[in-house]
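Below are the chains, spelled out letter by letter.
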Amino acid sequence: MSTTMDRDKAKFKARVHYWASKFEAHVTSVSVRPMRTKWASYSTAGRLTFDASLLELRDELQDYVIVHELLHFHVPNHGKLWKSLMRAHLGDYEKLGNELEKVVNNKALHRNR
Ligand SMILES: [Zn+2]
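All chains use their own residue numbering, which begins from 1 and follows the written sequence. For a predicted model such as this one, the threshold for reporting local features is a pLDDT of at least 70, and the threshold for listing and counting side-chain atom pairs is 80 or more; totals across whole chains, interfaces and linings nevertheless cover every residue. Here the side-chain values reflect all heavy atoms present in the structure, with hydrogen atoms and water set aside.

## Some remarks on the side chain of His-68
Thought 1: A helix here means a DSSP run of H or I that spans at least four residues, while a strand means a run of E at least two residues long, and both kinds are numbered starting from the N terminus. Tracing the sequence through the fold places His-68 in helix 2 (residues 59–71).
Thought 2: Counted as a polar contact is a pair of N or O atoms within 3.5 Å, where, for protein atoms, one must be capable of donating a hydrogen and the other of accepting one, and residues adjacent in sequence contribute only when both atoms are in side chains. A polar contact is formed between the side chain of His-68 and the side chain of His-78, at a distance of 3.2 Å.

Here it is in structure tokens:
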């Protein structure tokens, strides 16, 4: 028997793989677990980790975190290129980012923000 948590996790991971193939990001593993200070992290080896509390957010906010992180496979910073890609795929991404910050304000997307 699968729990709601398992189903949400499977759905979230499917979204990650959907976006990863769209961006041709080399993802070797995706894990979802409680993280203390960050929403997400990735290693250059292609291992992505997402905070489990993302599972409680609505789809658009999940996509914001996923797309944000995956774009860093190609663009290491939050410069002009990164911003234009965020806008191209998510529309008004700044609004989503602000909404995310309000949900939990003690968590950064990652340390270099
Ligand atoms: Zn970032």
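## A word on the packing of helix 2 against helix 3 (residues 80–90)
Two numbers describe a pair of packed helices, the interaxial angle and the distance between the axes.
Thought 1: Where helix 2 meets helix 3, the closest approach of the two axes is 10 Å, and the angle between their N-to-C directions is 145 degrees. When the axes of helix 2 and helix 3 are compared, the crossing they make is right-handed. Listed contacts from helix 3 to Asp-63, Tyr-64, Val-67, His-68 and Leu-71 of helix 2 are Trp-82, Leu-85, Met-86 and Leu-90.
Thought 2: Considered class by class, the residues forming the contact of helix 2 with helix 3 number 7 nonpolar, 1 polar and 1 charged. The convention used is that axes are lines fitted to C-alpha atoms, helices contributing only their stretch in contact, and that angles between N-to-C directions extend from 0 to 180 degrees. Helix crossings are classified by the rotation of the near helix relative to the far one: an anticlockwise turn of less than a right angle makes the crossing left-handed, while a clockwise turn makes it right-handed. We call two residues contacting when some pair of their heavy atoms lies within 4.5 Å. Charged residues are taken to be Asp, Glu, Lys and Arg, nonpolar residues to be Ala, Val, Leu, Ile, Met, Phe, Trp, Tyr, Cys and Pro, and polar residues to be all remaining types, Gly included.

## A word on the environment of Ser-43
Thought 1: As for its placement among the helices and strands, Ser-43 is situated in the loop between strand 2 (40–42) and strand 3 (47–51).
Thought 2: For every residue, the accessible area obtained with a 1.4 Å probe (protein chains only) is divided by the maximum for its type, and the residue is called buried under 20%, exposed over 50%, and partly exposed between those limits. By relative accessible area, which is 25% here, Ser-43 ends up partly exposed.
Thought 3: Taking the C-alpha atoms as reference, Ser-43 lies 20 Å from Lys-9; in sequence the two are 34 residues apart.

## Considering the pattern of salt bridges
Thought 1: Within this document, salt bridges are pairs made up of a side-chain nitrogen of Lys or Arg and a carboxyl oxygen of Asp or Glu, the two lying within 4 Å of each other. This model, assessed by the stated rule, comprises 6 salt bridges.
Thought 2: A salt bridge links Lys-11 to Asp-59; the shortest N-O distance between them is 3.4 Å. Here Asp-59 lies in helix 2 and Lys-11 lies in helix 1 (residues 4–22), a separation of 48 residues in the sequence.
Thought 3: For Lys-11, a relative accessible area of 45% translates into the label partly exposed.
Thought 4: Residues Glu-99 and Arg-58 are paired through a salt bridge, measuring 2.6 Å at the closest nitrogen-oxygen approach. Highlighted residues: Glu-99 in helix 4 (residues 93–103) and Arg-58 in the loop between strand 3 and helix 2, separated in sequence by 41 residues.
Thought 5: Three or more residues are tied together by salt bridges with common partners; here these are Lys-11, Arg-15, Asp-59 and Asp-63.

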